[in-house]
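# Summary of structural features
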Amino acid sequence: MLSDRRQQILRALIEEYVAHALPVGSKTIAEQYHLGVSSATIRNELSALEGDGYIRQPHTSSGRVPTDAGYRIFVDGLFAAGVLDDCALDESTVEEIRSSADALDDLMMRTSEELARLTRCLSIISAPALKMVQIRQISLISLSNYQALLVIVLQDGQVLNKHLSFDEEVTPEHLQLVQNAVSDLVAGQTMSTLAETLSNARARASADPLISLVIEELVSKLAEANSSALSKRIGMSALLRNPEFQDPSSLIPLMEILEDDTVLFKMLDADAAEESSVSVRIGKENPTDKLAGVSVIAASYGRGEGRGVVCVIGPKRMDYTRVIRAVRGAQNILCE
């Protein structure tokens, strides 16, 4: 447990480093933060903090910079002090973004844009998992006697579609009858309950095999959408302007994560399972070494297994107060 004085000095060092991205010396802290102690005392305390692993000296005779452990103490202190309870968006901004979006996809895009603007980092928002999202309605739109468009509207506002091809001629009138029959079977159901529906559909397929075909294609589309969850990623250019990423080699691990949706969505799924309102993972606290150079701030929205995730990826040298409050704001927008 750090003494109050060491906590103050560590906080001053981190705030100065976040602001200027340069190693911080005892003289700077003494002159800029007026802690009521001499530069020599601050120098001794910095040595103690370095010995405990909270800060490090990147070069001989240079100032110090925070370590992952130092950032963790700092962030935990912010939570304990209650300074992160507010969000960075006022209610009018939240309502404006909500009212201007006409579907979940649009809402996610607008929210991600606002989050990237507020944080100057990479914003990623994943759509809720589809397993527990109910089907609101389905439509079959005839494109020709051998092709149709299957449109699936989900309860959370997502709209999915899939082209269907038929081996035999299907008239628009026949397609309408199939749409009515399939709607009766699947409306209000989720992926978790569709297995029984498929069984019922096969029982009715003796009268019309097209019913079973449409439902199987519907399940296939839902499974495809669930495995590659819709996401919006905004702010890469802002992220790259941070000095930490001026060296291209420092970007390679992060780019590999962002290009591999399997790894990325596994990470987001883990965040969605968290019950806490906001999670903060710093450097090596992240689940893969490829994220050891960044911090990930995330929060879930939605309910149960149908939760989505809003998150920010940025340098460990980020304004944690600003970013965490911004994530809370984005969470408020999406939790309609």
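That block above? That's the structure.
Please read all numbers here as calculations on a predicted model, not as lab measurements. The residue numbers shown here count from 1 along each chain, following its written sequence. Per-residue local features of the predicted model are confined to residues with pLDDT of at least 70, and side-chain atom pairs are confined, for both listing and counting, to 80 or more; whole-chain, interface and lining totals are unaffected and use all residues. In computing side-chain properties, one takes all heavy atoms of the structure into account and sets aside hydrogens as well as water.

### A word on the environment of Leu 150
Heads up, the rule is: Only runs of H or I of at least four residues qualify as helices and only runs of E of at least two qualify as strands under DSSP, and these elements are numbered from the N terminus. Throughout, a residue-residue contact means that at least one pair of heavy atoms, one from each residue, lies within 4.5 Å.
Note on placement: Leu 150 falls in strand 5 (residues 147-154). Ignoring anything within four residues of it in the chain, the contact list for Leu 150 reads Ile 138, Ser 139, Leu 140, Leu 160, Asn 161, Lys 162, Leu 164, Val 214, Glu 217 and Leu 218.

### Considering unusual backbone geometry
Leaving glycine aside, a negative phi is the common case for residues, and trans is the common case for peptide bonds. Heads up, the condition is: We call a residue buried when its accessible area falls under 20% of the maximum for its residue type, exposed when it is over 50%, and partly exposed in between, using a 1.4 Å probe and counting protein chains only.
Phi is positive for His 34, which is not a glycine, with a value near 45 degrees. Within the element layout of this structure, His 34 appears in the loop between helix 2 (26-33) and helix 3 (39-51). The class of His 34 is exposed, set by a relative accessible area of 64%. One non-glycine residue, Arg 120, lies in the positive phi region at around 55 degrees.

### Quick notes on the packing of helix 1 (residues 4-20) against helix 3
The cut-off we apply is this: All axes here are fitted lines through C-alpha atoms, helices being fitted over the stretch that makes contact, and every angle between N-to-C directions spans 0 to 180 degrees. If an angle is under 35 degrees, it is roughly parallel; if it is over 145, roughly antiparallel; if it lies from 65 to 115, roughly perpendicular; otherwise it is oblique. All amino acids are sorted into three groups, where Ala, Val, Leu, Ile, Met, Phe, Trp, Tyr, Cys and Pro are nonpolar, Asp, Glu, Lys and Arg are charged, and the leftover types, Gly among them, are polar.
Relative to each other, helix 1 and helix 3 sit at 90 degrees, their axes nearing to 10 Å. Accordingly, the angle class assigned to the pair helix 1 and helix 3 is roughly perpendicular. Note on element contacts: helix 3 touches helix 1 through Thr 41, Ile 42, Glu 45, Leu 46, Ala 48 and Leu 49, opposite Arg 5, Arg 6, Ile 9, Leu 10 and Leu 13. Classifying every residue of the contact of helix 1 with helix 3 by side-chain character gives seven nonpolar, one polar and three charged.

### Some words on the pattern of salt bridges
Heads up, the rule is: A carboxyl oxygen of Asp or Glu within 4 Å of a side-chain nitrogen of Lys or Arg is what we treat as a salt bridge.
On inspection of all chains with the given rule, the structure shows 10 salt bridges. Between Arg 72 and Glu 285 there is a salt bridge whose closest N-O contact spans 2.7 Å. Pair noted here: Arg 72 is in helix 4 (residues 68-81) and Glu 285 is in the loop between strand 8 (279-282) and strand 9 (294-301), with a separation of 213 residues, a long-range link. Lys 290 is the salt-bridge partner of Glu 256, the closest N and O atoms lying 3.3 Å from each other. Placement of the pair is Glu 256 in helix 11 (residues 248-259) and Lys 290 in the loop between strand 8 and strand 9, with a sequence separation of 34 residues. Lys 290 sits in the partly exposed class, given a relative accessible area of 38%. What you see here is one network of salt bridges that share partners, running through Arg 5, Arg 6 and Glu 45.

### A closer look at the sheet that holds strand 5
Stated formally: Pairing between strands requires that DSSP locate at least two bridges from one strand to the other.
Across the sheet, three strands lie side by side as 4-5-6; this open sheet has antiparallel pairing. Only two strands of the sheet have a single partner each, and these edge strands are strand 4 (135-144) and strand 6 (159-165). Mean inter-strand twist for the sheet, computed between neighbouring axes without regard to direction, equals 20 degrees. Pairing geometry for strand 4 and strand 5, over eight bridges, is antiparallel. Considered in strand 5, the bridge of Leu 140 is made with Leu 150.

### Examining the packing of aromatic side chains
Definition in use: Note on aromatic pairs: the rings of Phe, Tyr and Trp (six-membered ring only in Trp) are paired at centre separations within 6.5 Å, and the planes decide the class, stacked below 30 degrees, edge-to-face beyond 60, tilted for the rest.
Scanning all chains against the criterion turns up one aromatic pair. Both rings, one in Tyr 71 and one in Tyr 320, keep their centres 5.8 Å apart while their planes meet at 50 degrees; by these two values the pair is tilted. In this pair, Tyr 71 is assigned in helix 4 and Tyr 320 in helix 13 (residues 320-334), connecting sequence segments 249 residues apart. Tyr 320 shares its class with Tyr 71; the two are buried.

### Concerning the nonpolar core
In a soluble, globular protein the nonpolar side chains are often hidden away together inside. The cut-off we apply is this: What we call a nonpolar core is a set of buried Ala, Val, Leu, Ile, Met, Phe, Trp, Tyr and Cys residues that are connected through their side-chain atoms within 4.5 Å.
Counting 49 residues, the largest nonpolar core has Ile 297 and Tyr 320 as the members making the most contacts within it. For this core, the leading source of residues is helix 13, giving eight residues. Sequence-distant contacts of Tyr 320, defined by excluding residues within four places in its chain, comprise Tyr 71, Phe 74, Val 75, Leu 78, Leu 84, Val 280, Ile 282, Ser 295 and Ile 297. In terms of nonpolar packing, the next biggest core, distinct from the first, is built from 26 residues, Ile 138, Val 182, Leu 194 and Leu 222 among them.

### With respect to the pairing of strand 9
For strand 9, the tally of buried residues reaches eight of eight residues, placing the bulk of the element in the interior. Where burial is concerned, the two faces of strand 9 agree: the one with Val 294, Val 296, Ala 298 and Ser 300 and the one with Ser 295, Ile 297, Ala 299 and Tyr 301 are both buried. In the sheet, strand 8 pairs with strand 9 via four bridges, with the strands oriented antiparallel. Residue pairing for strand 9: Val 280 is matched across the bridge by Ile 297.

### Topic: helix 6 (residues 104-119)
The condition that has to hold: For a helix, the expected span equals 1.5 Å multiplied by the number of residues minus one.
For helix 6, spanning 16 residues, the distance from its first C-alpha to its last is 22 Å, which sits close to the expected 22 Å at 1.5 Å a residue. Positioned one or two residues after helix 6, Arg 120 has a phi angle of 55 degrees, which is positive.

### Looking at the packing of helix 2 against helix 3
Worth spelling out the cut-off: Two helices cross in a left-handed way if the nearer one is turned anticlockwise from the farther one by less than a right angle. They cross in a right-handed way if the turn is clockwise.
Between helix 2 and helix 3, the shortest axis-to-axis distance is 8 Å and the interhelical angle comes to 125 degrees. As summarised for this structure, helix 2 and helix 3 are arranged oblique, according to the angle between their axes. Of the two elements, helix 2 crosses helix 3, and the hand of that crossing is right-handed. For the pair helix 2 and helix 3, the contacting residues are Ser 26, Lys 27, Ile 29 and Ala 30 in the first and Ser 39, Ile 42, Arg 43 and Leu 46 in the second. Broken down by class, the residue content of the contact of helix 2 with helix 3 amounts to four nonpolar, two polar and two charged.

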